[in-house]
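# Architecture at a glance
Residue strings, one per chain:
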Amino acid sequence: MTQLTFPENFLWGTATSSYQIEGAAREDGRGPSIWDDFCRLKDAIQDGSDGSVACDHYHRYREDVALMKALGLKAYRFSIAWPRVLPAGRGAVNPKGIGFYDRLVDELLAAGIRPFVTLYHWDLPSALNAQGGWTNRDSAGWFADYATVVVKALGDRVKDWITLNEPWCSAYLGYEFGMHAPGYQDQALASKAAHHLLLAHGTALQAIRAAGDANTRVGITLNFEPNLPASESEEDRRAAAEAFDLLYEGFAEPILTGAYNERILARMAGVEIRPGDMAIIAGRNDFMGVNYYSAKLISAQRGAVYDDDPEFTRMGWAVRPAGLYAILMQLHRATRGRLPLYVTENGASFADQVVDGRVHDERRVAYLRAHFTQAHRAIQDGVDLRGYFVWSLIDNFEWSFGYQQFFGIVRVEYATQARIIKDSGYYLRDVATANAVL
Ligand code: FCB
């Protein structure tokens, strides 16, 4: 068997986000966020839970960093809670909030782990939501000011910055479908939020470069769900190529080309797009983060096809590893290979069981192996892929699903907060150590 070896210096890591793991929601001066508020709404969260304790990572970060080190991981993507740093979203900085991330970064560097820091993974300060949140055009400036505070505090040690995580989710799940905070159901608000999130990204690019040094690298993480042809037939391939893809067309495309296409503009009716906005949105990125979980199958006859799949995860997401290859190639072609890429999230939720103190999660291992193989194939075909962050380091608060989804390569026993490395964790360790798909 030939070994699928990755390029030298390829980064293997895991990803998490602040609200999903930290807990300590009312500690050390942290202000409320829209997720604290949203979790209190009736039936918003499937198991009625919230992130107030979560994985207690705020107190256990040393143990969690030690886990990563034991697994031989060289990179870690985590996010900063805006309301810890600026409890009211703007104005007074909370030194204790910054202090936590300061210690976390030092702990990571001492363990030889490179931090990739996401500035916004959905926990907007409630005080800003009271002023319209992302539907207020001023949000771009609020975000850039917050980014400046963080980069000034940590930029001597953190060199890799991600502005936003999955702005599609912030805009559409949050303002149109009501499934995420702040829980609104209004298409016009969602389009506004989408434009302002992109503007916030572009404005923050400039702010981060101004606050950082010459080695500062900035990018954005987008979620993708590419359209794959349901068969190899010419008509299915054409149908897939022509099918609407809001994730790509609404977010990646304006960032890469500086323009909304006609289909997006039709949805943007009523959004104020000022001269100069698109140039800001298309500011130069040093890399792009790709979050990939599934793809859509498109048939010329039947449209989107959902029932042909051999396997679904506990989230109900079809397992389609080929989509990872497809989106990496699509981005590679769109940027003529000039924009380095990272897989900033990929992973799967399955119902795990502890047997004799071990978690034999062979389905998650198979899922990861299949996706790593597609990433390797993309690199062989020329894609400048620099690293791969598995979602997630530990089981955590999965938004509106609460604690009923399990994405970790490490299990969390919530009653005791004990961590148990799953077989997938050992598998990732072996892959990272060999720098090859095993
Ligand atoms: C992504 C989110 C991440 C996690 C995974 C499963 O959309 O960025 O926080 O919820 O899905």
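Everything below is about the structure shown above.
Now for a description of the structure that goes with this document.

Procedures and definitions
Residues numbered from 1 in each chain as written. Predicted model: local features only at pLDDT ≥ 70, side-chain atom pairs only at ≥ 80, totals over all residues. Heavy atoms only, no water. Helix = DSSP H or I, 4+ residues; strand = E, 2+ residues; numbered from the N terminus. Buried < 20%, exposed > 50% of the residue type's maximum accessible area, 1.4 Å probe, protein only. Polar contact = N/O pair within 3.5 Å; in protein donor to acceptor, adjacent residues only side chain to side chain. Contact = heavy atoms within 4.5 Å. Pairing = 2+ DSSP bridges. Core = buried A, V, L, I, M, F, W, Y, C linked by side-chain atoms within 4.5 Å. Near = heavy atom within 4 Å. Areas by Shrake-Rupley, 256 points an atom, 1.4 Å probe, with all protein chains shown as cover. Nonpolar A, V, L, I, M, F, W, Y, C, P; charged D, E, K, R; others polar. Salt bridge = Lys/Arg side-chain N within 4 Å of Asp/Glu carboxyl O. Axes fitted to C-alpha atoms, helices over the stretch in contact; angles between N-to-C directions. Phe/Tyr/Trp six-rings, centres within 6.5 Å; stacked < 30°, edge-to-face > 60°. Lys NZ or Arg CZ within 6 Å of the ring centre and 35° of its normal. Expected span 1.5 Å × (residues − 1). Disulfide = S-S within 2.5 Å.

## Remarks on the environment of Val354
One can find Val354 in strand β12 (residues 354-355). The partly exposed category is assigned to Val354, whose relative accessible area is 35%. Sequence separation between Val354 and Ala370 is 16 residues, and the spatial gap between their C-alpha atoms is 24 Å.

## Section: the environment of Pro340
Within the element layout of this structure, Pro340 appears in the loop between α14 (322-334) and β11 (341-345). Exposure remark for Pro340: the relative accessible area of 13% places this residue in the buried category. Counting along the chain gives 121 residues from Pro340 to Gly219, while the straight-line C-alpha distance between them is 9.7 Å.

## Some points on the side chain of Thr216
In this structure, Thr216 sits in the loop between α9 (187-211) and β6 (217-224). A distance of 2.8 Å separates a polar side-chain atom of Thr216 from the backbone nitrogen of Asp213. Residues within four places of Thr216 in sequence aside, it is in contact with Lys159, Trp161, Ile208 and Asp286.

## Looking at the pairing of strand β9 (residues 296-299)
Of the two faces of β9, the one lined by Lys296 and Ile298 and the one lined by Leu297 and Ser299 are each fully buried. Examined bridge by bridge, β9 and strand β10 (residues 303-305) share three bridges and lie antiparallel to one another. Each bridged residue has a counterpart across the sheet, and for Ser299 the counterpart in β10 is Gly303. Between the end of β9 and the start of β10, which pair antiparallel, lie three residues.

## A closer look at the nonpolar core
By size, the foremost hydrophobic cluster in this structure holds 143 residues, and its most contacted members are Trp35, Trp82, Trp134, Phe143, Trp161 and Phe372. The leading source of residues in this core is α9, at ten residues. Once residues within four sequence positions are removed from consideration, Trp82 is found in contact with Gly89, Tyr120, Asp123, Leu124, Pro125, Leu128, Trp134, Trp142, Phe143 and Tyr146.

## Here we look at the site of the ligand
The ligand sits among Gln20, His121, Trp122, Asn165, Glu166, Tyr293, Glu345, Trp391, Glu398, Trp399 and Phe407. Glu398 is positioned such that a nitrogen or oxygen atom in its side chain is 2.8 Å from an oxygen atom of the ligand. For the ligand, the protein covers 94% of the area, taking 290 Å² as the surface of the free molecule. A class-by-class count of the residues in the shell around the ligand yields five nonpolar, three polar and three charged.

## Re the pattern of salt bridges
Scanning all chains against the criterion turns up 29 salt bridges. We note a salt bridge from Asp160 to Arg114, for which the minimum N-O separation is 2.8 Å. Residue Asp160 is found in strand β5 (residues 160-165), and its partner Arg114 is found in strand β4 (residues 114-120); the two are separated by 46 residues along the sequence. The buried category is assigned to Asp160, whose relative accessible area is 1%. Two residues, Arg157 and Asp156, come together in a salt bridge whose shortest N-O distance is 3.1 Å. Under the relative-accessibility criterion, Asp156 is labelled exposed at 54%. One salt-bridge network, held together by shared partners, links Asp352, Asp361, Arg364, Asp395 and Lys422.

## A word on the sheet that holds strand β7 (residues 227-229)
As summarised here, the arrangement of the three strands in space is β7-β9-β10, forming an open sheet in which the pairing is mixed. Looking along the sheet, the strands with just one partner apiece sit at the ends: β7 and β10. The average angle at which neighbouring strand axes cross in this sheet is 45°, direction not considered.

## Things to note about the packing of aromatic side chains
Counted according to the given criterion, the structure contains 41 aromatic pairs. With a centroid separation of 6.3 Å and an interplanar angle of 35°, the aromatic rings of Tyr19 and Trp35 are classed as tilted. Of this pair, Tyr19 sits in helix α1 (residues 18-21) while Trp35 sits in helix α2 (residues 34-39); the two residues are 16 residues apart in sequence, bridging distant segments of the chain. Of the two residues, Tyr19 and Trp35, neither departs from the other in class, the shared state being buried. Arranged with centres 6.4 Å apart and planes meeting at 70°, the rings of Phe397 and Trp399 form a pair that is edge-to-face. Relative accessible area serves as the criterion here: at 4%, Trp399 is assigned to the buried category. Among the aromatic residues, those joined into a cluster by ring pairs are Tyr19, Trp35, Phe38, Trp122, Phe397, Trp399, Tyr403 and Tyr414. Across from the ring centre of Tyr325, 3.5 Å away, lies the NZ or CZ of Arg377, which sits over that ring.

## Here's the deal with the sheet that holds strand β14 (residues 385-391)
Strands sit in the order β2-β3-β4-β5-β6-β8-β11-β14 around a closed barrel of eight strands; the barrel is parallel. Adjacent strand axes in the sheet meet at a mean angle of 25° when their direction is disregarded. With three bridges connecting them, β11 and β14 associate as parallel partners. Counted as the bridge partner of Leu341 is Leu385 from β14. Sitting on the sheet, helix α16 (residues 423-434) is in contact with β2 (11-15) and β14, with an inclination near 155° to β2.

## Re helix α5 (residues 95-110)
Look at α5: 22 Å from first C-alpha to last across 16 residues, which is about the 22 Å you get at 1.5 Å a residue. Those residues of α5 not exposed but buried are Gly97, Ile98, Gly99, Phe100, Tyr101, Leu104, Val105 and Leu108. Contacts made by the buried residues of α5 are with α1, α3 (57-70), β3 (75-79), α4 (82-85), β4 and α7 (139-154). Phi turns positive one or two residues past the end of α5, at Gly112, with a value near 75°.

## A look at the state of the cysteines
Overall, the coordinates contain zero disulfides when judged by the stated rule. Distance from the sulfur of Cys39, which forms no disulfide, to the nearest cysteine sulfur (Cys55) is 14 Å. A disulfide-free cysteine, Cys169 has its sulfur positioned 16 Å from the sulfur of Cys39, the nearest such atom. Cys169 gets classed as buried once you look at its relative accessible area, which sits at 6%.

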